[in-house]
Amino acid sequence: MTPSQLILPLFVCPGEGIRREIGSMPGNYQLSIDELVRECAEAHSLGIGGILLFGLPETKDEMASEAYAEDGIVQRAMRALKSETPKLLLISDVCNCEYTSHGHCGKVVDGDVDNDATLQWLACAAVSHARAGADIVAPSDMMDGRVAAIRTALDRNGFQNTPILSYAAKFASVFYGPFREAADSAPQFGDRRSYQMDPANGREAMREIALDLEEGADIIMIKPALAYLDLIWEARQRFDVPLAAYQVSGEFSMIMAAAGHGWIDRERAMMETLTSIRRAGADMIATYFAKPAAQLLS
Ligand code: PBG
């Protein structure tokens, strides 16, 4: 394992000089753009492969307007990072849940997320991220057909060379809990089980990956990681494409909490879990341990 195989997820918020620690994720912060630039310079100097950026908008609404606004928080942050840390790989998360007043990942019609109506929002968000400087766009919403919709929109707007990292197999997982505090994106009613996957259904994960590849995904991701190592391994055997895994917020918080009590050794738990994800076959790992792991590895 090398630092370049690690991707650091970061949260950008409005304001200046803001560095607000996320209670359930020690060492991780909501950062204003100026602080984000500093954090990214550090990540780059540690040799980390790239960052995955999530945004906390100024305002939320039913239409997730700031998700695809040219001057949205992620778009502004991308422009700043492109000029301040031009060599750092920038991956943008493409989703709506941080931007909708109801916290769902798409347009709500009659109390449920309307898959097809959401595709347009996602395509617009991806294009606006690419225009702002994102090197890779990473849709995490789990709407069907979104990879094709995003690919078409990118190509039409001159971004034929912008790759798509698709959260191809993303499960409806309890381990996203701390993230929803970090990104302020908990659904206000219901849950995400109509669009995220059933943890019991491994075969469907392989079908989802195959579909995303047919639609034009360049890199596929499995998420969460530790509870799904079997699927990382199976995807590695079946699909000859770059494979990513996301060690999600709850996986990080569990280790930090146990280590905080002195019940487990933090560094060893970090390295053992990351190594197991690599061993299962992931080429790259999104992890909140990216900085301490890179420090240890270099
Ligand atoms: C957005 C999104 C989520 C995560 C990444 N993108 C939350 C969710 O689906 O509820 C979770 C990441 C983590 O837990 O670290 N849809």
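Check the entry above for the structure.
Anyway, here's the lowdown on the structure attached to this text.

### A look at the site of the ligand
Taken together, 18 residues are adjacent to the ligand, and Lys170, Arg180, Lys223, Ser249 and Tyr288 come closest. One of the side-chain N or O atoms of Lys223 is found 3.3 Å from a nitrogen atom in the ligand. Tyr288 places a polar side-chain atom, nitrogen or oxygen, 2.6 Å from an oxygen atom of the ligand. Starting from 400 Å² of accessible surface for the ligand in isolation, the protein chains cover 100%. Cavity membership is defined here by more than half of the atoms lying within 2 Å of grid points; on that basis the ligand lies in the largest cavity.

### As for the pattern of salt bridges
Within this structure, the stated rule accounts for 15 salt bridges. We note a salt bridge from Lys291 to Glu42, for which the minimum N-O separation is 3.3 Å. A residue pair is termed long-range when its members are at least 10 positions apart, and Lys291 in helix H10 (residues 290–297) and Glu42 in helix H1 (residues 33–45) qualify at 249 residues. Owing to a relative accessible area of 15%, Lys291 belongs among the buried residues under this scheme. With a shortest N-O distance of 2.9 Å, Asp191 and Arg193 are connected by a salt bridge. When salt bridges that share partners are traced, they join Arg19, Glu35, Arg38, Glu39, Glu42 and Lys291 into one network.

### Examining unusual backbone geometry
Where the residue is not glycine, phi is negative for most of them; where a peptide bond is considered, it is trans in most cases. Each neighbour pair has its own omega, and for Lys223 with Pro224 the value is -10°, a cis peptide bond. Here Pro224 shows up in the loop between strand E10 (219–223) and helix H7 (229–238). You will see that Ala64, though not glycine, has its phi angle at about 50°, which is positive. Of note, Ala64 is situated in the loop between strand E4 (50–55) and helix H2 (73–84).

### Comments concerning the layout of surface pockets
Space left empty within the atom packing is revealed by a probe, the size of a water molecule, rolled over the atoms. One number sums up the size of the largest pocket: a volume of about 190 Å³. In this structure, the largest pocket is lined by 17 residues; those nearest its centre are Pro26, Gly27, Asn28, Tyr288 and Pro292. When contributions to the lining of the largest pocket are tallied by element, the ones reaching two or more residues are strand E1 (6–12), strand E3 (29–31), helix H8 (249–260) and H10. A total of four residues in the lining of the largest pocket trace back to one element, the largest contributor, which is E1. Taken together, the residues of the lining of the largest pocket sort by class into 12 nonpolar, two polar and three charged.

### Regarding H1
It helps to recall that an α-helix has 3.6 residues per turn; residues three or four apart then point in one direction. If you check H1, its first and last C-alpha atoms are 18 Å apart, about what 13 residues at 1.5 Å a residue would give, namely 18 Å. Among the residues of H1, Ile33, Glu35, Leu36, Val37, Glu39, Cys40 and Ala43 are the ones counted as buried. Tucked inside the fold, the buried residues of H1 contact E1, strand E2 (19–21), E3, E4, H2 and H10. Where H1 ends, the next residue or the one after it, Gly47, has phi of about 85°, a positive value.

### A look at the pairing of strand E8 (residues 136–139)
Side chains Ile136 and Ala138 of E8 all project onto a buried face; the interleaved residues Val137 and Pro139 project onto the opposite face, where all are buried too. One ladder, built from four bridges, connects strand E5 (residues 90–94) with E8; its direction is parallel. Within E8, the residue paired with Val94 across the bridge is Pro139.

Quick notes on the rules
Residues numbered from 1 in each chain as written. Predicted model: local features only at pLDDT ≥ 70, side-chain atom pairs only at ≥ 80, totals over all residues. Heavy atoms only, no water. Near = heavy atom within 4 Å. Polar contact = N/O pair within 3.5 Å; in protein donor to acceptor, adjacent residues only side chain to side chain. Areas by Shrake-Rupley, 256 points an atom, 1.4 Å probe, with all protein chains shown as cover. 1 Å grid on protein atoms, 1.4 Å probe; cavity = no way out; pocket = protein on both sides within 12 Å on 5 of 7 lines; lining within 4 Å. Sits in = over half its atoms within 2 Å of the grid points. Salt bridge = Lys/Arg side-chain N within 4 Å of Asp/Glu carboxyl O. Helix = DSSP H or I, 4+ residues; strand = E, 2+ residues; numbered from the N terminus. Buried < 20%, exposed > 50% of the residue type's maximum accessible area, 1.4 Å probe, protein only. Points joined across faces, edges and corners; volume = space filled by probe spheres on them. Nonpolar A, V, L, I, M, F, W, Y, C, P; charged D, E, K, R; others polar. Expected span 1.5 Å × (residues − 1). Contact = heavy atoms within 4.5 Å. Pairing = 2+ DSSP bridges.

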